[in-house]
Amino acid sequence: MKKILLMIVVAMTAVAANAQKFALLDMEYILKSIPAYERANEQLNQVSKKWQAEVEALTTEATTMYKNYQNEVVFLSQEQKKAKQEQIMQKEKEAADLKKKYFGPEGELFKKRESLMTPIQEEIYNAVKEISDLRGYSLVLDRASDTAIIFGSPKIDISNEVLEKLGYSH
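Report follows, based on the coordinates.

What counts, and at which threshold
Residues numbered from 1 in each chain as written. Predicted model: local features only at pLDDT ≥ 70, side-chain atom pairs only at ≥ 80, totals over all residues. Heavy atoms only, no water. Core = buried A, V, L, I, M, F, W, Y, C linked by side-chain atoms within 4.5 Å. Buried < 20%, exposed > 50% of the residue type's maximum accessible area, 1.4 Å probe, protein only. Helix = DSSP H or I, 4+ residues; strand = E, 2+ residues; numbered from the N terminus. Salt bridge = Lys/Arg side-chain N within 4 Å of Asp/Glu carboxyl O. Contact = heavy atoms within 4.5 Å. Phe/Tyr/Trp six-rings, centres within 6.5 Å; stacked < 30°, edge-to-face > 60°. Axes fitted to C-alpha atoms, helices over the stretch in contact; angles between N-to-C directions. Parallel < 35°, antiparallel > 145°, perpendicular 65-115°, else oblique. Left-handed = near helix turned anticlockwise from the far one by under 90°. Nonpolar A, V, L, I, M, F, W, Y, C, P; charged D, E, K, R; others polar. Arc of directions from axis to C-beta.

A word on the nonpolar core
Next, step 1: Of all hydrophobic cores here, the largest spans 27 residues; its most connected members are Ile30, Ile34, Ile120, Ile124, Ile158 and Val162.
Next, step 2: At the level of elements, β1 (21–25), α2 (27–32), α3 (35–72), α4 (78–103), α5 (108–135) and α6 (159–166) are the ones that each hand at least two residues to this core.

Right under this line is the structure:
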């Protein structure tokens, strides 16, 4: 009996010795505390509104052309109808192409967001990596984006430490 108890204690000690350390951080909290992130977001919102207005202007122009066409259709020859229809389709295509150029998966907004946010994200990543290396964390989870975390002790949340490492007070 003593041997079994001793083996259990030794096994538990070995498991505890190999236990990995984890930490949590709240990326939303960190980002909201970084003024450069807020400025970048504002800049993205402004450029997005500007580009959206350009797309809407072309769409409105195509809609107006179509309404005018509907009012004139009875007075137009087949050739004129075909020409007007092609003009309308061309304007609609221009609007769709502009929308894709600005807002598509590899569009200008994506590129702009990447150019503004990547340096901030890299700075945060480097701070988290330094803290993790210093403290021996094997894994750092973002409590803001992972809905699988039901509870995380505030004792293992390193968000404020990351902000301090980045030079921001909490």
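Details of the pattern of salt bridges
Next, step 1: Within this structure, the stated rule accounts for nine salt bridges.
Next, step 2: Look at the salt bridges and you will find they share partners, linking Glu61, Lys91 and Glu94 into a network.

Overview of the side chain of Ser132
Next, step 1: For Ser132, the position within the fold is in helix α5.
Next, step 2: Judged by its relative accessible area of 9%, Ser132 is buried.
Next, step 3: Every residue in contact with Ser132, bar those within four places of it in the chain, is listed here: Tyr137 and Val140.

Details of the packing of aromatic side chains
Next, step 1: One pass over the full model with this rule turns up three aromatic pairs.
Next, step 2: For the ring pair Tyr102 and Phe103, a centre distance of 6.3 Å and an interplane angle of 80 degrees mean the geometry is edge-to-face.
Next, step 3: For Phe103, a relative accessible area of 26% translates into the label partly exposed.
Next, step 4: Linked through ring pairs, Trp51, Tyr102 and Phe103 together constitute an aromatic cluster.

Thoughts on the packing of α3 against α4
For any two helices packed against each other, the geometry is given by the interaxial angle and the distance between the axes.
Next, step 1: Remark: α3 packs on α4, axes separated minimally by 9 Å, with the N-to-C direction vectors making an angle of 165 degrees. Between α3 and α4, the crossing angle belongs to the class labelled roughly antiparallel. The hand of the α3/α4 crossing is left-handed.
Next, step 2: Broken down by class, the residue content of the contact of α3 with α4 amounts to 12 nonpolar, five polar and nine charged.

Focus: α6
Next, step 1: Of all the residues in α6, the buried ones are Ser159, Val162, Leu163 and Leu166. On an axial view of α6, the arc spanned by its buried residues comes to 100 degrees, and they lie on one face.
Next, step 2: Elements that come into contact with the buried residues of α6 comprise β1, α2 and α5.
Next, step 3: Looking at the residues trailing α6, positive phi occurs at Gly167, about 95 degrees.

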